[in-house]
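A closer look at the structure
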Amino acid sequence: GAFDYFTLSYRSFGIQRRSDNGLVLREWAPGAEAVFLTGDFNSWEKQSHPFTQKEYGKWELYLSPKVDKSPAIKHLTKLKVLNTSPPTQTLIFFSHPRPPRPSSLRIYEAHVGISSPEEKIASYRNFTRDVLPRIKDLGYNCVQLMAIMEHAYYASFGYQVTNFFAASSRFGTPDDLKHLVDTAHSMGITVLLDMVHSHASSNTEDGLNYFDGTDSCFFHGGSRGNHSLWGSRLFNYSSWEVVRFLLSNLRWWMEEYHFDGFRFDAVTSMLYHHHGIGTSFSGNYSEYFGIHVDEDALVYLMLANHILHKLYPQCITVAEDVSGMPGLCRSIEEGGLGFDYRLTMAVPDKWIQVLKEVRDEDWDLKNIVQTLTNRRRGEASITYAESHDQALVGDKSLAFWLMDKEMYTNMSALTAMTPVIDRGIQLHKLIRLLTHSLGGEGYLNFMGNEFGHPEWLDFPRKGNNESYHYARRQFNLVDIEHLRYRQLYAFDRDMNLTEDKYGWLAAGQAAVTTLNQADKVIVFERSNLLFIFNFHPCNSYIDYRVAVEHAGKYKIKLNSDELQYGGHGRLVQDTEFFTEPMPFNGRAQSFLVIWRLLKNIALK
């Protein structure tokens with residue numbers, strides 16, 4: 001039949017409840033000799049409930065209702081089929097419709113389990129109650145949820161999936177997750193799922209690996225089916241049943257949990273037979289077209305985007321690709337892969353590199369601006385200064401790179417800022433606004449980094465004595481009035497609210513009119529706004545000429561030097577600036593910015 005029917009297999013596979021409460025269980029395991037159902041309902045007897053073998057490698061089991069007409073298996077009962085745990089169906093009423101697709105996408109990347117200041121695994125309910133209101137207050141219109149697909153190893157960050165058709169039970173019940181999504185929708189927040197279709201856990205006890213006793217049921221057999229760095233299994237995208245499984249999986253998350261789209265993980269690994277390992281992409285077209293491209297995976301991604309956008313026109317798809325594959329975010333009709341956005345993965349790498357290797361007074365602003373603006377025209381990008389990758393153990397958040405150990409002792413607003421804290425707070429704001437306004441058509445922030453979360457992220461494991469100390473987000477720091485984390489939080493909020501009002505992310509790419517390495521000044525226009533940045537560690541400018549396209553009066557709309565943002569309050573906020581017909585830096589209009597000190601601002 002049509003792709004609509006082909007991708008609805010979740011309605012026939014797994015566990016299905018009939019109108020009379022009879023249960024039909026159906027699995028695809030072509031290499032299995034026998035399949036059994038075990039669980040709480042039969043005291044974990046391994047062979048008391050055998051499946052019947054059907055054609056095309058399918059297996060089926062029917063369980064008639066009990067005498068009282070109730071299902072033979074209760075809701076939330078634990079089950080196991082071979083080496084998997086199929087999800088039980090839960091009916092719930094979603095009372096709020098999906099919000100309209102945002103024109104300017106501001107994403108809050110989040111992990112439910114670490115969303116509490118407490119040293120524990122937080123829950124869906126905790127996230128709904130405590131974190132969603134913060135996301136709304138901060139001005140983010142989208143939350144991207146990580147580690148939702150069931151995974152046995154908590155420290156894998158959710159990227160070693162063991163059950164594709166189950167929401168992680170360590171955070172709560174399916175109903176709890178549905179309540180989270182519905183509550184987000186009631187706040188006008190779009191919800192994306194971190195979708196891992198690039199690989200799967202190599203576990204045999206609770207994953208797809210050796211599901212039917214062979215190494216090639218869902219994956220390529222032999223070495224091609226193993227990722228040499230991740231130790232995980234690689235899907236065989238040329239298999240009809242694998243494609244059916246994966247496409248149906250997308251439909252299931254859209255239908256059962258009302259997600260609004262997906263961030264596809266590790267797309268680079270999917271696109272190339274070399275998986276990006278040991279490969280440096282320079283932009284030469286020979287790197288993107290040739291026998292090293294996995295055409296089966298490429299076609300699968302085209303199919304995935306096709307069905308999602310045809311069946312759910314408001315669906316959002318984001319590709320995590322470091323290679324820069326041309327056409328990734330162009331329509332399938334144009335020969336593209338159909339994604340809506342790609343992640344600008346070079347941008348956070350650049351910020352970490354300059355923070356690690358170069359004193360801020362020696363930063364090469366031309367190189368930084370080049371990195372922020374070097375993206376394929378006509379293909380939308382999600383930009384970010386840091387994500388979960390930069391926060392993981394072995395690295396540090398931007399705030400911790402900037403201020404390091406002084407964050408433990410000198411973040412109180414009741415005492416004067418030390419030079420390290422002062423410079424760190426100012427640069428933290430400049431980096432984020434410059435990235436937000438210059439780097440893409442969407443913006444992403446990892447939870448907690450908006451207020452300069454200290455330290456790093458590390459999940460409980462043997463190497464840290466199973467500690468949860470770093471597997472949490474210390475939102476309590478923002479709630480303490482005298483700590484400067486509140487100031488960074490306030491700036492991040494007003495940065496997003498300013499974008500929401502003027503929409504620079506939805507506008508065309510910025511026009512940079514001043515890039516003065518000696519003065520450490522960057523000036524550019526975007527969406528009828530003028531952005532001015534001064535990165536100089538000590539120089540201030542009282543009469544600095546800037547170029548503008550439009551004549552008229554300009555006012556300050558966002559000023560990082562305000563006291564509420566941890567600034568020094570040295571600018572008069574209601575200052576007005578009037579253009580004059582004096583050509584400057586390729587523009588017909590310009591004006592002198594006259595004040596005591598120039599920091600980064602947005603003018604209109």
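Here the structure is shown first, and the text comes after it.
First things first, this report covers the structure right here in the doc. (Residues numbered from 1 in each chain as written. Predicted model: local features only at pLDDT ≥ 70, side-chain atom pairs only at ≥ 80, totals over all residues. Heavy atoms only, no water.)

1. Here's the deal with the sheet that holds strand β4 (residues 52-53)
As a reminder of what qualifies: Strand pairing follows a simple DSSP-based rule, namely that at least 2 bridges must link the two strands. Under the DSSP-based scheme used, a helix requires at least four consecutive residues in state H or I and a strand at least two consecutive residues in state E, with every element numbered from the N terminus.
One open sheet accounts for four strands, arranged β1-β2-β5-β4; its pairing is antiparallel. The open sheet has two edge strands with one neighbour each: β1 (14-17) and β4.

2. Concerning the layout of surface pockets
Convention followed: In this analysis, the protein atoms alone were mapped onto a 1 Å grid. Cavities are point sets where a 1.4 Å probe fits without being able to get out; pockets are open sets with protein on both sides within 12 Å along at least five of seven lines; lining residues have an atom within 4 Å of a point. Grid points are joined across faces, edges and corners, and a volume is the space filled by probe spheres set on the points.
In this structure, the second largest pocket spans a volume of roughly 780 Å³. Lining the second largest pocket we find 34 residues, and of these Trp 230, Asp 265, Glu 320, Met 345 and Asp 389 sit closest to its centre. Only α5 (267-271), α7 (346-357) and α9 (388-391) provide two or more residues apiece to the lining of the second largest pocket.

3. A word on the packing of helix α4 (residues 240-257) against helix α6 (residues 295-311)
Going by this rule: In this analysis an axis means a line fitted to C-alpha atoms, helices contributing only their contacting stretch, and an angle means the value between N-to-C directions, from 0 to 180 degrees. In this scheme, a crossing is called left-handed if the near helix is turned counterclockwise away from the far one by less than a right angle; it is called right-handed if the turn is clockwise. When checking whether two residues touch, look at their non-hydrogen atoms; a contact exists if any pair is within 4.5 Å. Residues are sorted three ways: Asp, Glu, Lys and Arg are charged, Ala, Val, Leu, Ile, Met, Phe, Trp, Tyr, Cys and Pro are nonpolar, and all the rest, Gly among them, are polar.
Contact geometry for α4 and α6: axes closest at 11 Å, N-to-C directions at 30 degrees. Judged by the twist between their axes, the crossing of α4 over α6 is right-handed. Contact with α4, carried on its side by Val 243, Leu 246, Leu 247, Leu 250, Arg 251 and Met 254, involves Tyr 300, Leu 303, Ala 304, Ile 307, Leu 308 and Leu 311 of α6 and no other residues of that element. Looking at the contact of α4 with α6 residue by residue, the classes come out as eleven nonpolar, no polar and one charged.

4. A closer look at the pattern of salt bridges
Worth spelling out the cut-off: One side-chain nitrogen of Lys or Arg within 4 Å of one carboxyl oxygen of Asp or Glu is enough to make a salt bridge. The classification of residues rests on relative accessible area computed with a 1.4 Å probe and restricted to protein chains. Under 20% of the type maximum is buried, over 50% is exposed, and intermediate values are partly exposed.
For the coordinates displayed, the defined rule picks out 38 salt bridges. A salt bridge links Glu 118 to Lys 120; its shortest N-O distance comes to 3.7 Å. Overall, Lys 120 belongs to the partly exposed group, its relative accessible area being 36%. Residues Asp 458 and Arg 461 are paired through a salt bridge, measuring 2.9 Å at the closest nitrogen-oxygen approach. For Arg 461, a relative accessible area of 27% corresponds to the partly exposed category. Counted as one network, the salt bridges with shared partners bring together Asp 194, Arg 263, Asp 265 and Glu 320.

5. Observations regarding the environment of Ile 307
Here Ile 307 shows up in helix α6. Judged by relative accessible area, Ile 307 falls into the buried class, the value being 1%. Counting along the chain gives 32 residues from Ile 307 to Phe 339, while the straight-line C-alpha distance between them is 12 Å. The contacts of Ile 307, once residues within four sequence positions are left out, are Phe 3, Thr 7, Leu 247, Arg 251 and Tyr 312.

6. Looking at the sheet that holds strand β11 (residues 190-195)
The eight strands are arranged β7-β8-β11-β12-β13-β14-β15-β16 in a closed barrel whose pairing can be described as parallel. Going across the sheet, the axis of each strand differs from the next one's by a mean of 30 degrees, ignoring polarity. As judged from the four bridges shared by β11 and strand β12 (residues 261-264), these two strands associate in the parallel manner. Looking at β12, one finds that Leu 193 is bridged to Phe 262. Against the sheet, α6 contacts β12 and β13 (316-319), and its axis sits at roughly 165 degrees relative to β12. Helix-sheet contacts for helix α11 (residues 419-438) involve β7 (105-111), β15 (381-383) and β16 (442-446), and the interaxial angle to β16 is about 145 degrees.

7. Describing the environment of Ile 73
Considering the arrangement of structural elements, one finds Ile 73 in the loop between β5 (58-63) and β6 (79-81). With a relative accessible area of 8%, Ile 73 lands in the buried category. Along the backbone, Ile 73 and Asn 21 are 52 residues apart, and their C-alpha atoms lie at a distance of 9.7 Å. Each residue touching Ile 73, except ones within four places of it in the same chain, is listed here: Leu 23, Leu 37, Phe 41, Leu 63 and Leu 79.

8. Describing the nonpolar core
Which entries qualify depends on this criterion: Buried residues of nine kinds, namely Ala, Val, Leu, Ile, Met, Phe, Trp, Tyr and Cys, make up a nonpolar core once their side-chain atoms join them within 4.5 Å.
Phe 127, Leu 145, Trp 253 and Trp 351 are the most contacted members of the largest nonpolar core, which totals 153 residues. Examining the composition of this core, we find that ten residues originate from one element, α4, more than from any other. Other than its neighbours up to four places away in sequence, Trp 253 contacts Ile 148, Met 149, Phe 164, Ala 166, Ala 167, Leu 177, Leu 193, Met 195, His 258, Phe 259 and Phe 262. If you look at the next biggest cluster of nonpolar residues, it comprises 13 residues, including Val 523, Leu 530, Tyr 544 and Phe 591.

9. A few points about the pairing of strand β17 (residues 511-516)
Each regular strand carries side chains that alternate between the two faces of the sheet. Pairing of β17 with strand β18 (residues 521-526) involves five bridges; the strand directions are antiparallel. Looking at β18, one finds that Thr 514 is bridged to Val 523. Taking the residues between adjacent antiparallel strands as the criterion, β17 and β18 are bridged by four residues, where Lys 520 takes a positive phi near 60 degrees.

10. So, empty space enclosed by the protein
Per the stated rule, a full pass over the model turns up three cavities of 30 Å³ or more. Volume-wise, the largest cavity comes out at about 50 Å³. Around the largest cavity, the lining residues are Glu 109, Gln 144, Arg 263, Glu 320, Leu 343, Tyr 384, Ser 387, His 388, Asp 389 and Leu 444. Residue composition of the lining of the largest cavity, grouped by class: three nonpolar, three polar and four charged.

Honestly, that's just the spatial picture; any functional story needs more than this.
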